[in-house]
Amino acid sequence: MERIKTIKTRDLKKSVAFGGCGECQTSCQSACKTSCGVANQPCENKQK
Amino acid sequence: MNKLVHQYKLNGYNIVLDTCSGSVHAVDEVAYDIIELYEKSEKETIVRTVLTKYADRSDVTEEEILLCLEDIQALADQGRLFTKDEYENLAMDFKNNSSVVKALCLHVAHTCNLNCSYCFASQGKYQGERALMTFEVGKQALDYLIAHSGSRVNLEVDFFGGEPLMDWEVVKKLVAYAREQEPIHNKNFRFTLTTNGMLIDDDVIDFANKEMHNVVLSLDGRKEIHDHLRKTITGQGSYDTILPKFKRFVEKRGGKDYYMRGTFTHNNVDFTNDLFHMADMGFTELSMEPVVCDPSDPYALTEEDLPKLFEQYEILAKEMLRRKKAGNGFEFYHYILDLENGPCVYKRITGCGSGTEYMAVTPWGELFPCHQFVGDSKYSLGNVWDGVKNTGIQDEFRHCNAYAREECRDCWAKMYCSGGCAANAYHATGSVRGVYEYGCKLFKKRIECAIMMKVAENCEE
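Residues numbered from 1 in each chain as written. Chains lettered and ligands numbered in written order. Predicted model: local features only at pLDDT ≥ 70, side-chain atom pairs only at ≥ 80, totals over all residues.

Labelled according to an unreviewed UniProt entry, chain B appears under the name Anaerobic sulfatase-maturating enzyme, originating from Anaerotignum neopropionicum. The heading Cofactor (unreviewed entry) in the UniProt record of chain B holds the text "[4Fe-4S] cluster". (UniProt positions renumbered as here; feature names shortened; annotations may be inferred.)

Identification of chain A as Six-cysteine peptide SCIFF from Anaerotignum neopropionicum is taken from an unreviewed UniProt entry.

Okay, structure coming up:
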């Protein structure tokens, strides 16, 4: 694909099957306390 | 069902996001135009339109365009482009089926030794009386957390205020108590300390660097900016007092997490200069948040500030890329994206967890949905002895997710903000189900910049 370079990302659709363990950090606890960003917490699911 | 594809151009890159699969594509301008037309036009129309637009380009032939169309279809077939949004019911079911609490913000001190003009906590008092949390109340909060955390191993506790170091001996005793409980209940406590730095000494540094998973150190940046709003009770700027303490704290942190956390206001829309100031002093983990205040406050951000802020976020992203290459990079909280090992779709659609898995505890043991609702009596949920009694309010928060607001349905950014901050929505619109549009605009800009940085790094490899 000369004109398209796809960056390596986690497939969100596939994560439906192995997600939801809830062990990752609560969005607001790290540094902001005034907004909600959910894309910067690493996944902590060891079963995925 | 929606297919949320977002296209934008930034820093010389043409970027295509496929929201529902999480895919990111860096494309050339021809593919960019073809993707834009792909679902709206017939193949023949696309070929004709693109050939006309790029008539002066020898590499843009009918054959080339057809090849590109095939590539796009292949990505769609692989679930990497034009992915359907099929997550709405998951968001509802997931939260309805969970009653776990996994994080508490402990307001150990409703008092402060600074008098910052913009403080959303009204100089630490949260519109109430000054108070310090006792060990007994804090212990009960930890017991409540353990008892309601189900099978979750990682539990988070933030020592917050006001200024938590004004209740330091209680903080230390609570950490010791939690560590005793960990093996009994198979839990792992992660503590955060958020401090203005005034009372940092060697005891605080040594203890926090051993026990605190993360420390958040409040610094607004340049001395004149910091001192303008972050003053002592007697009206003196606090910069000169805290800076040497923060430097020593971070030097001895030994690589553990920390954030220098600033707030920018209408007074410093050129906030990147404050971030660069911190970076130039050797701090590498930085966060800078827009002020949360009443629009009538003199330092409130305005509509006129918005284009300037967008420009600032772009300046920041480009400078971060430059510094990283030069070997003196730093991290900005909102630009941290883990594309390969980031959160699953449940995390991305179920909201921040305030009022359900995350709550704030006052010095008296009263529970609120989060730190930003503390002091607003109609949002009192219950207390750490009897648990949540105000289930009506809790249900309001349980229903906050990436699909709770009509405005979010077609928004490409919802997988990055999960529907946004309920407190911001409430303060801007009077409802936790409202939308704080100003915050959304800034948030989207930040994510565009963060993804551009990932694209830039990938394209240079």
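Still more ground to cover, so stick around.
Once that is clear, we can look at the nonpolar core. With 150 residues, the main nonpolar core has L106, L286 and M359 of chain B as its most contacted residues. Sort the elements by how many residues they give to this core and helix 16 (residues 437-460) of chain B lands first, with eleven residues. (Core = buried A, V, L, I, M, F, W, Y, C linked by C-beta atoms within 7 Å. Buried ≥ 20, exposed ≤ 12 C-beta atoms within 10 Å, placed from the backbone. Helix = DSSP H or I, 4+ residues; strand = E, 2+ residues; numbered from the N terminus.)

Let us now look at the pairing of strand 3 (residues 23-27) of chain B. In terms of residue burial, strand 3 of chain B counts as a mostly covered element, since five of its five residues are buried. Neither face of strand 3 of chain B is exposed, since S23, H25 and V27 of chain B on one face and V24 and A26 of chain B on the opposite face are all buried. The pairing of strand 1 (residues 4-7) of chain A with strand 3 of chain B spans four bridges and is classified as antiparallel. From the neighbouring strand, K5 of chain A faces strand 3 of chain B, where its bridge partner is A26 of chain B. Note: strand 2 (residues 13-18) of chain B against strand 3 of chain B, five bridges, orientation antiparallel. What sits directly across from D18 of chain B, in strand 3 of chain B, is S23 of chain B. (Pairing = 2+ DSSP bridges.)

Take the interface of chain B and chain A next. Contacts between chain B and chain A engage 68 residues on the former and 40 residues on the latter. Ranked by residue count, the leading element in the side of chain B that touches chain A is helix 16 of chain B, at six residues. Tallied by class, the residues present in the side of chain B that touches chain A amount to 33 nonpolar, 20 polar and 15 charged. (Contact = placed C-beta atoms within 7 Å. Nonpolar A, V, L, I, M, F, W, Y, C, P; charged D, E, K, R; others polar.)

Once that is clear, we can look at the pairing of strand 6 (residues 154-161) of chain B. One face of the sheet, then the other: side chains in a regular strand alternate in exactly this way. Residue and element names in this part refer to chain B. The element strand 6 is largely enclosed, with a buried count of seven among its eight residues. Pairing of strand 4 (residues 103-110) with strand 6, which is carried by six bridges, proceeds in the parallel orientation. The residue bridging L104 from the neighbouring strand is V157, located in strand 6. Bridge analysis of strand 6 against strand 7 (residues 188-195) gives six bridges, and the strand direction is parallel. Counted as the bridge partner of N154 is N188 from strand 7. In this fold, the crossover linking strand 6 to strand 7 by way of helix 6 (residues 168-185) has right-handed handedness. (Right-handed = clockwise from strand over helix to strand, strands pointing away.)

Quick look at the packing of helix 2 (residues 43-53) of chain B against helix 3 (residues 62-77) of chain B now. Residue and element names in this part refer to chain B. Following both chains from N to C, one finds helix 2 and helix 3 inclined at 130°, their axes separated by 10 Å at the closest point. By the angle between their axes, helix 2 is oblique relative to helix 3. Read as a crossing pair, helix 2 and helix 3 show a hand that is right-handed. Contacts between helix 2 and helix 3 involve K43, I46, V47, V50 and L51 on the former and, on the latter, E62, I65 and L69. Residues that form the contact of helix 2 with helix 3 fall into these classes: six nonpolar, no polar and two charged. (Axes fitted to C-alpha atoms, helices over the stretch in contact; angles between N-to-C directions. Parallel < 35°, antiparallel > 145°, perpendicular 65-115°, else oblique. Left-handed = near helix turned anticlockwise from the far one by under 90°.)

Take helix 10 (residues 272-280) of chain B next. Residues and elements named next belong to chain B. Burial in helix 10 covers these residues: T272, D274, L275, M278 and A279. Along the axis of helix 10, the buried residues cluster in a sector spanning 160°; they form a single face. Structurally, helix 10 contributes buried residues whose contacts are with helix 8 (223-229), strand 9 (257-264), strand 10 (285-290), helix 11 (305-326) and strand 11 (331-332). Just downstream of helix 10 lies G282, where phi reads positive at about 100°. (Arc of directions from axis to C-beta.)

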